[in-house]
Amino acid sequence: MAFSISFYFRSLLLLSSFSFLCFSLSTVSISSTSNQTLVCALTTNQSHLQCSSFPLNSIRFSLTDNLRNRRFSGLVSGNGFVCGLRSPLDSNTSTLLCWRFSVNGANTSYKRIYHGPELEELEAGGSRICGVEKVSRRTRCWQPVSLPPSDDYDSIAVGDSFLCGLSKPPGRITCEGEGNITNMLNGDRYIAIASGSRRVCAITVDNDVECWGQTQSPREKFSAVAVGDNRSCGVRWSNGTVMCWGSNNSNDFNMPQMLEEIHFSSIYAKGPIFCGVVTKNYTLFCWGSEDFESGVLAPFQGRSVLPGPCRKECRYGPLSGSESLCGNGLVICDSNVKASGLTDTPFAQEHSKNKTWSGRNVAFLVVGCVGTFSFLLVISFLVYKSRCRCRVHDSGRLDDNMIIDKPKLEKRLSSLASLGNHSQLVEFSIEELALATYGFSPLCQLGIGSFGSVYKAVLSDGRHVAIKRAELTIPASSGITTTRNRNRQEDKDSAFVNELESMSRLNHRNLVRLLGFYEDAEERVLVYEYMANGSLADHLHSPRFEPLTWERRLMIALDAARGIQYLHEFAVPPVIHRDIKSSNILLDATWTAKVSDFGLSQMGPTEEDVSHLSLHAAGTLGYIDPEYYRLQQLTTKSDVYSFGVVLLELLSGHKAIHMNEEENPRNVVELVVPYILQDEVHRVLDRRIPPPTPFEIESVAQLGNLAVECVMPCGRQRPSMAEVFSYLERALAGCLAAPLSSHV
């Protein structure tokens, strides 16, 4: 036992000697031509490619329409070119697209220079691009002359006439090509590598920097390094600030004063220019040119960029919160924990033995262990409490026999508050909400639902929000009317608490975020993030809105499926929404789809031997699972049926219940499914948009087949939401990949 604890402590100390490392797949690229600079980056959430030049618009670089909103996984730039790497989610292939540019403009038609096995690493020198295949670890190079292929590189660095590769850390660096870089790097002790046009720097397991091809290496500890012409910069291991060294003409090259205290998560270099991503808000700053005002350039004026490449999986674990930055289930690898894979090597173990124990190390270790143990206790308690309260409360709007009186409502609110579920919610005052909506003016009204009216508002801090206010029922003198009004009010009270119970513990990029609430004896108000592009139903059925393209429809379906899958499989306890429909799928300013309205949601069965909840049917006509309605047994497959109806809406443009030519109501399932089964989906596609292209039609047909499986009469024959999500991923990848096959 003593040996195990000792080894564990030594391992912790070894881990503390490593920090985040440089990954060869970059999200920022820099290129300089004469006195012009072009900086390109991948933005957060969508991984879209954006470029900015200095002086402003001196390089008129633009993307074609079919690539402007496509997701990229990495960027590289060289002398007069920029390249973007695309790796579809459901494929083991990558495609590399390149554009050439000059001060007179850009060649807007891209050239595909690679399509083959997936690339995990990518770097560029002045005129050469090299990448490492994910599976085979083979290194491939393009433009203009290929270097000899090499295998088993974990990361690479490319200069004007050489390529250096690092084996799995702590590893050895080998270089190929010309110049005085080759055959000078010895020892299996490096964890990161970077190069300029004629220089190479590497970080050792001690976080020291060693450089070749230039005269000096600083005596500081670094966690990342970037190499330019005659100069380098590194992120300090101690505090995340940046130090620069080398020469700028005849002067020493230093970090601009206004950036000296800023913490950076990653840095990049090309030629004389350096750029860094700020840890706090992921904004990008560049420096290194005397032409930059105050020595600093903010190329995207405060807009956030990705601090690292989005990947399907991470060898050493993801960066916290990175799923919301990347989307589509991708994450950014947390290189802080990369060194955890190094402790098993003989070198690492020997290195850990040589570490000396300092009072500071011991203090940090003790505090860390105590903090971790306390955190685990808190998490265990919260999980226990959440499992203890997993009881079913039926709020079914169609069930008038289940009446929640005022004492029960107050008890549920009190119970909810006692569990601490409101910790991330703001309890607004009614005065603030009334002020934000000009006294709940009809001019601010976005719509009216079963719960009440929804208003657009701007809070005092400038945030745009949507406010849902319950319309309180005023009892009439008639006893029958009074009972009906009372039941309606109980439904709204139950929906209000259901929404709080669900949304206060759910957090996902494809669920509409609940920001806060207000509640008293007379008011029930919920405050949500504002969804700038309205609902899916608006864009499918309202002539006031521009029709959605087939590609956009597939993206929305994928986003919504991801949100529902989270409810079914990752929420604890699981949640059954019970009211999935196109009007409850909302679209934010970036067209990300999010599921909303949890007033009917139910906590799913928590016992392994229970497959359903016995509840009276509730939901919206046209979307309700017929099996649930008939047997009154609620399962996650009931949500799958409702989602299948939404998919049929996406295909046909018809409402779930709509009028036929004879003005008789008709269900979209009865209309569309027979045509799909006869392989004639083209006869029922939405006529408001052009027919699918030859490349899109296969994805649209896949969408139709999936919809049919979702609306099968028997719930056991329907797919799970995980299977639905996987199917939609493949359909979308086929649609997104279509234009590439038409280019050389």
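Residues numbered from 1 in each chain as written. Predicted model: local features only at pLDDT ≥ 70, side-chain atom pairs only at ≥ 80, totals over all residues. Heavy atoms only, no water.

Under the annotation held in an unreviewed UniProt entry, the protein carries the name non-specific serine/threonine protein kinase and is attributed to Microthlaspi erraticum.

Novice: A description of the overall build of the protein should follow, citing residues and the corresponding values.
Specialist: Helix and strand counts for the protein stand at 15 helices and 41 strands. The buried share among the 744 residues of the protein stands at 55%. Considering only intrachain contacts with a sequence separation of at least 6, the fraction spanning at least 24 residues in the protein is 54%. (Helix = DSSP H or I, 4+ residues; strand = E, 2+ residues; numbered from the N terminus. Buried < 20%, exposed > 50% of the residue type's maximum accessible area, 1.4 Å probe, protein only. Contact = heavy atoms within 4.5 Å.)

Novice: With reference to specific residues and values, describe the sheet that holds strand β15 (residues 190-195).
Specialist: Strand order in the open sheet made by the three strands is β15-β16-β17, with antiparallel pairing throughout. At either margin of the open sheet sits one strand with a lone partner, and together these are β15 and β17 (209-212). Ignoring which end each strand starts from, the neighbouring axes of this sheet average 20° apart. Relative to β17, strand β16 (residues 200-204) runs antiparallel, the two sharing four bridges. Residue pairing across strands places V200 opposite W212, the latter belonging to β17. (Pairing = 2+ DSSP bridges. Axes fitted to C-alpha atoms, helices over the stretch in contact; angles between N-to-C directions.)

Novice: Which residues make up the pattern of salt bridges, and what values do they have?
Specialist: Within the structure shown, the criterion is met by 15 salt bridges. Here D208 and K221 are joined by a salt bridge, their closest N and O atoms 2.9 Å apart. Of the two residues, D208 is situated in the loop between β16 and β17 and K221 in the loop between β17 and β18 (222-227); the sequence distance between them amounts to 13 residues. By relative accessible area, which is 28% here, D208 ends up partly exposed. Across the pair E529 and K594 runs a salt bridge, and its minimum N-O distance is 3.1 Å. Taken together, the residues E529 in strand β33 (residues 524-529) and K594 in strand β36 (residues 593-595) connect sequence positions 65 residues apart. Taken as a pair, E529 and K594 share a single burial class, namely buried. (Salt bridge = Lys/Arg side-chain N within 4 Å of Asp/Glu carboxyl O.)

Novice: Give me the lowdown on the packing of aromatic side chains, citing residues and values where you can.
Specialist: To describe a pair of aromatic rings, you give the distance between the ring centres and the angle between the ring planes. Under the counting rule described, the total for this entry stands at eight aromatic pairs. A centroid spacing of 6.0 Å and a plane angle of 75° characterise the contact between Y190 and W212, whose relative ring orientation is edge-to-face. Taken together, the residues span a long stretch of sequence, with Y190 in strand β15 and W212 in strand β17 at a distance of 22 residues. Members of the aromatic cluster, each reached through a chain of ring pairs, are F253, F264, F274 and W287. Taking the ring centre of F253 as reference, the NZ or CZ of R231 above it sits at 4.4 Å. Over the aromatic face of F440 sits the side chain of R469, whose NZ or CZ is 4.2 Å from the ring centroid. (Phe/Tyr/Trp six-rings, centres within 6.5 Å; stacked < 30°, edge-to-face > 60°. Lys NZ or Arg CZ within 6 Å of the ring centre and 35° of its normal.)

Novice: An account of the packing of helix α12 (residues 636-652) against helix α14 (residues 697-710) is needed here, citing residue identities and associated values.
Specialist: α14 packs onto α12 with a crossing angle of 150° between their chain directions and a minimal axis gap of 8 Å. The chirality of how α12 crosses α14 is left-handed. Counting all contacts with α12, which are made through V640, Y641, G644, L647, L648 and L651, the residues of α14 involved are V700, L703, G704, L706, A707 and C710. (Left-handed = near helix turned anticlockwise from the far one by under 90°.)

Novice: Can you break down the nonpolar core residue by residue, with the values?
Specialist: Counting residues in hydrophobic clusters, the biggest one holds 60 residues, and the most contacted among them are F643, L647, L648 and L728. When residues of this core are traced back to their parent elements, those giving at least two are α9 (536-541), α10 (550-570), β35 (585-587), β36, α12, α13 (668-677), α14 and α15 (721-737). Among the elements that line this core, the one with the most residues is α10, at 11 residues. If you look at the next biggest cluster of nonpolar residues, it comprises 36 residues, including V28, L38, F54 and L306. (Core = buried A, V, L, I, M, F, W, Y, C linked by side-chain atoms within 4.5 Å.)

Novice: Quick rundown of α13? Include the residues and the values.
Specialist: In an α-helix, one turn spans 3.6 residues, which is why side chains three or four residues apart end up on the same side. Within α13, the full set of buried residues consists of V668, V669, L671, V672, V673 and I676. Buried positions along α13 lie against α12, β40 (657-659), β41 (665-667) and α14. Between the side-chain oxygen of the N-cap and the backbone nitrogen of V669 there are 2.7 Å, and the N-cap of α13 in question is N667. Where α13 terminates, the next one or two residues include D679, which has phi positive at roughly 60°. (Polar contact = N/O pair within 3.5 Å; in protein donor to acceptor, adjacent residues only side chain to side chain.)

Novice: Let's hear about the environment of T44: which residues, and what values?
Specialist: Summarising the element assignment, T44 is placed in the loop between β2 (36-42) and β3 (49-54). Given a relative accessible area of 15%, T44 falls into the buried group. With 260 residues separating them along the chain, T44 and S304 place their C-alpha atoms 6.1 Å apart. Every residue in contact with T44, bar those within four places of it in the chain, is listed here: S304, V305, L306 and L325.

Novice: Can you lay out the packing of α12 against α13 for me, pointing to particular residues and giving the numbers?
Specialist: Between α12 and α13, whose axes approach to 10 Å, the crossing angle comes to 70°. Between α12 and α13, the crossing angle belongs to the class labelled roughly perpendicular. Contacts between α12 and α13 involve Y641, V645, L648, L651 and S652 on the former and, on the latter, V668, V669, V672, V673 and I676. A breakdown of the residues in the contact of α12 with α13 according to their chemical character gives nine nonpolar, one polar and no charged. (Parallel < 35°, antiparallel > 145°, perpendicular 65-115°, else oblique. Nonpolar A, V, L, I, M, F, W, Y, C, P; charged D, E, K, R; others polar.)

Novice: Talk me through unusual backbone geometry; I want residue IDs and the actual numbers.
Specialist: With an omega dihedral of -5°, the bond running from F54 to P55 counts as a cis peptide bond. Along the chain, the position of P55 falls in the loop between β3 and α2 (65-68). Positive phi outside glycine occurs at W591, with the angle close to 70°. Topologically, W591 is positioned in the loop between β35 and β36. With phi around 55°, Q632 is a residue other than glycine that occupies positive phi space. Look at Q632 and you get partly exposed, because its relative accessible area is 32%.

Novice: Explain the sheet that holds strand β22 (residues 264-270) to me, and be specific about the residues and the numbers.
Specialist: With antiparallel pairing, the four strands of this open sheet are ordered in space as β22-β23-β24-β25. A strand with exactly one partner marks an edge of an open sheet, and here the two such strands are β22 and β25 (296-297). Inspection of the sheet shows strand β24 (residues 284-287) paired to β25 by two bridges, in the antiparallel sense. The residue of β25 that forms the bridge with W287 is V296.

Novice: Residue-level account of α12, with values.
Specialist: The terminal C-alpha atoms of α12, which comprises 17 residues, lie 25 Å apart, in line with the 24 Å expected from a rise of 1.5 Å per residue. Buried residues dominate α12, accounting for 16 of its 17 residues. The distance from a side-chain oxygen at the start of α12 to the backbone nitrogen of K637 is 3.1 Å, and the residue carrying that oxygen is T635. Directly beyond the C-terminal end of α12, a positive phi value near 80° is found at G653. (Expected span 1.5 Å × (residues − 1).)

Novice: Before we move on, could you go through the state of the cysteines and cite the residues and values that matter?
Specialist: The full count for this structure, using the stated rule, is eight disulfides. Note on cysteine connectivity: C164 is disulfide-linked to C175, with sulfurs 1.9 Å apart. Residues C164 and C175 are joined by a disulfide whose S-S torsion is about 105°; by sign, that bridge is right-handed. Placement of the pair is C164 in strand β13 (residues 162-166) and C175 in strand β14 (residues 173-177), with a sequence separation of 11 residues. With relative accessibility at 0%, the residue C164 sits in the buried group. One disulfide in the model links C233 with C244; its S-S distance is 2.1 Å. Every disulfide takes its handedness from the sign of the S-S torsion; for C233 and C244 that torsion is 100°, giving right-handed. (Disulfide = S-S within 2.5 Å.)

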